[in-house]
Amino acid sequence: MRELKRKRILVTGGAGFLGSHLSERLLQMGHEVLCVDNFYTGTRDNILHLLSNPYFEVLRHDICFPLHVEVDEIYNFACPASPRHYQADPIQTIKTSVFGALHLLGLAKRLQCKVFQASTSEVYGDPHFHPQKEEYWGNVNPIGFRSCYDEGKRCAETLFFDYKRTSLVPIKVARIFNTYGPRMHPNDGRVVSNFIVQALKNQPLTIYGDGMQTRSFCYVDDLIDVVIRFMDAPESISGPINIGNPTEYRVLDLAEEILRLTGSSSPIIHKPLPSDDPKQRRPDISLARNLLGWQPKTSLEEGLKATISYFDGVLSAIPKCV
Ligand code: NAD
Ligand code: UDP
Ligand code: UDP
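Nothing here was measured: the structure is a model prediction, and the numbers come from that model. (Residues numbered from 1 in each chain as written. Chains lettered and ligands numbered in written order. Predicted model: local features only at pLDDT ≥ 70, side-chain atom pairs only at ≥ 80, totals over all residues. Heavy atoms only, no water.)

Q: So what exactly am I meant to see when it comes to the site of ligand 3 here?
A: Taken together, 18 residues lie near ligand 3, and Thr206, Tyr208, Arg215, Asp277 and Arg281 sit nearest. One of the side-chain N or O atoms of Arg146 is found 2.9 Å from an oxygen atom in ligand 3. Arg215 is positioned such that a nitrogen or oxygen atom in its side chain is 2.7 Å from an oxygen atom of ligand 3. Here ligand 3, which alone exposes 520 Å², has 96% of that area covered by the protein. Elements represented by at least two residues in the shell around ligand 3 include exactly α5 (191-200) and β8 (205-208). (Near = heavy atom within 4 Å. Polar contact = N/O pair within 3.5 Å; in protein donor to acceptor, adjacent residues only side chain to side chain. Areas by Shrake-Rupley, 256 points an atom, 1.4 Å probe, with all protein chains shown as cover. Helix = DSSP H or I, 4+ residues; strand = E, 2+ residues; numbered from the N terminus.)

Q: Explanation requested: the pairing of strand β4 (residues 73-76) in the structure shown.
A: Consecutive residues of a regular strand have side chains that alternate between opposite faces of the sheet. What you see with β4 is no split at all: Glu73 and Tyr75 on one side and Ile74 and Asn76 on the other are buried throughout. The sheet contact formed by strand β1 (residues 8-12) and β4 spans four bridges and is parallel. What sits directly across from Leu10, in β4, is Ile74. Direction of pairing for β4 relative to strand β5 (residues 114-120): parallel, over a ladder of four bridges. Across the sheet, the residue bridging to Asn76 is Gln117, located in β5. (Buried < 20%, exposed > 50% of the residue type's maximum accessible area, 1.4 Å probe, protein only. Pairing = 2+ DSSP bridges.)

Q: Just checking my understanding: could you explain the pattern of salt bridges for this structure?
A: Between side chains of opposite charge, pairing is possible as soon as their charged atoms come close. All chains considered together, the criterion is met by 23 salt bridges. Here Glu257 and Arg260 are joined by a salt bridge, their closest N and O atoms 3.0 Å apart. Of this pair, Glu257 and Arg260 both sit in helix α7 (residues 251-262), three residues apart, which is roughly one turn of that helix. The residue Lys305 makes a salt bridge to Glu301 at a minimum N-O spacing of 3.1 Å. Of this pair, Lys305 and Glu301 both sit in helix α9 (residues 300-317), four residues apart, roughly one helical turn. Accessibility expressed as a relative area gives 31% for Glu301, which makes it partly exposed. (Salt bridge = Lys/Arg side-chain N within 4 Å of Asp/Glu carboxyl O.)

Q: Honestly, the site of ligand 2 in this entry has me stumped. Any pointers?
A: Every residue near ligand 2 is listed here: Pro66, Leu67, His68, Leu102, His103, Gly106, Leu107, Lys109, Arg110 and Tyr163. Tyr163 is positioned with one of its side-chain polar atoms (N or O) 2.6 Å from an oxygen atom of ligand 2. A total of 520 Å² of accessible area belongs to ligand 2 in isolation, and the protein chains cover 63% of it. Examining the composition of the shell around ligand 2, we find that six residues originate from one element, helix α3 (residues 90-111), more than from any other.

Q: Looking at this model, I keep getting lost on the nonpolar core. Mind explaining?
A: Across soluble globular proteins, you tend to see nonpolar side chains buried next to one another. By size, the foremost hydrophobic cluster in this structure holds 59 residues, and its most contacted members are Leu22, Tyr75, Phe77, Ile243 and Leu304. Tallying contributions element by element places helix α6 (residues 220-232) first for this core, with eight residues. With residues near it in sequence (within four places) discarded, Leu22 still touches Val11, Tyr75, Phe77, Ile224, Val227 and Ile228. By size, the runner-up hydrophobic cluster in this structure holds 25 residues, among which are Leu10, Leu67, Ala108 and Cys113. (Core = buried A, V, L, I, M, F, W, Y, C linked by side-chain atoms within 4.5 Å. Contact = heavy atoms within 4.5 Å.)

Q: I would appreciate a short explanation of the sheet that holds strand β6 (residues 171-176) in the present structure.
A: Pairing between the strands of a sheet comes from backbone hydrogen bonds, and it takes one of two forms, parallel or antiparallel. Here seven strands make up an open sheet; going across it, the order is β3-β2-β1-β4-β5-β6-β11 and the pairing parallel. Whereas interior strands pair on both sides, the edge strands pair on one side only; in this sheet they are β3 (56-60) and β11 (241-243). For this sheet the average axis-to-axis angle between neighbouring strands, irrespective of direction, equals 20°. Sitting on the sheet, helix α1 (residues 17-28) touches β1, β2 (32-37), β3, β4 and β6, and the angle it makes with β1 is about 170°. Helix-sheet contacts for α3 involve β1, β4, β5 and β6, and the interaxial angle to β4 is about 170°. (Axes fitted to C-alpha atoms, helices over the stretch in contact; angles between N-to-C directions.)

Q: Whenever I open this one, the side chain of Glu122 confuses me. Can you help?
A: Within the secondary structure, Glu122 is located in the loop between β5 and α4 (147-167). Note on Glu122: relative accessible area 5%, which makes it buried. Residue contacts for Glu122: discarding those within four places in its chain leaves Tyr86, Val140, Arg146, Tyr149, Asp150, Pro278 and Arg281.

Q: How should the packing of aromatic side chains be read in this particular structure?
A: The geometry of an aromatic ring pair is captured by the separation of the ring centres together with the interplanar angle, meaning the angle of the planes. A full pass over the atoms with the stated rule returns nine aromatic pairs. A ring pair is formed by Phe77 and Phe116, whose centres lie 5.7 Å apart and whose planes are at 10°; its orientation type is stacked. Residue Phe77 is found in the loop between β4 and α2 (83-88), and its partner Phe116 is found in strand β5; the two are separated by 39 residues along the sequence. Like Phe116, Phe77 is buried. Considering the side-chain rings of Tyr310 and Phe311, the 5.2 Å spacing of their centres and the 70° angle between planes classify their relative orientation as edge-to-face. A cation sits over an aromatic face here: Arg6 above Tyr55, 3.9 Å from the ring centre. (Phe/Tyr/Trp six-rings, centres within 6.5 Å; stacked < 30°, edge-to-face > 60°. Lys NZ or Arg CZ within 6 Å of the ring centre and 35° of its normal.)

Below, the structure written as structure tokens:
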């Protein structure tokens, strides 16, 4: 049997949706996790079940400031991901993406350790090419409401590749497409959590625009599988690599599927489409398939059922008077 070398792993944004699932999985694999978070969008509830584990440590820290710790690997997941939250304080979003990346790269350079960047499909903007391949440079508005996130993440990718070229830092850059699952915040504002919460509360489902825009939704467990596979792959594989589910749905189809699975009688209403909202998005995951031997396993129906059951529990725990 192969012996596991227990690694001490830094997960920034470890109290958020994806970071908490990643931390949990790394602990299950026998590693030690240092979770760094400023609790901007993350919550203690997401990591409550990990706090009693002696190999799990939490440090409240904002990655816009330098960080001096000793670890074997770094996963950078700190950054609000929902348009509602990243637009609430756009300057902080840019600082988190750019200064945060700089500090973690400085840390990785000093430690000569691998550093993983949670980049995003938003680097493609409102894409002219479909499905999106890694070599596409994107169509991004540099001065719009989404730019703080899109351009911040693009600049972070530039920093990652410059540190690889100039300082030989072993980098791993993944472009994550829309991912959903338990532990998304009920007020997160993203489409899957909004529709499920609205359906469960028998409130109208709010479709922005005509609902013909498309997205491809990946269940969180599938995403965590490939994130760890990518980190553990040879150092020569540095990306960028698209990760996500290549099955594409219209937002209207998603609303109808959620109504079917919840048995809700909520009506569908339409609200204005936010500016620069991408019209279509689907990853080409050939690179992830070929280099990492990965593809998602969870169907939308299975993933939505698990997510609905999670939100059902969260909503029934909230007192009605609040
Ligand atoms: P999330 O908002 O649930 O988690 C982000 C976490 O980062 C939160 O715990 C938040 O408190 C923390 N954080 C924010 N700013 C910080 C700072 N300056 N210092 C320290 N901690 C900070 O979002 P998520 O969906 O878990 O996304 C995690 C990462 O994955 C983000 O970098 C996001 O850009 C990326 N991503 C997510 C998706 C998705 O669909 N979920 C898609 C593409 C990329
Ligand atoms: N840094 C950090 N932790 C470390 C090492 C560096 O936060 O353990 C920060 C450092 O303060 C700097 C950034 O990372 O702001 C980039 O560091 P680097 O050594 O590449 O550049 P320099 O310090 O020479 O500007
Ligand atoms: N959306 C919607 N209703 C909502 C929330 C989002 O119709 O209540 C739409 C949104 O305009 C976008 C898609 O769903 O076209 C995905 O939005 P989300 O915020 O989840 O992610 P992103 O736009 O970053 O892909």
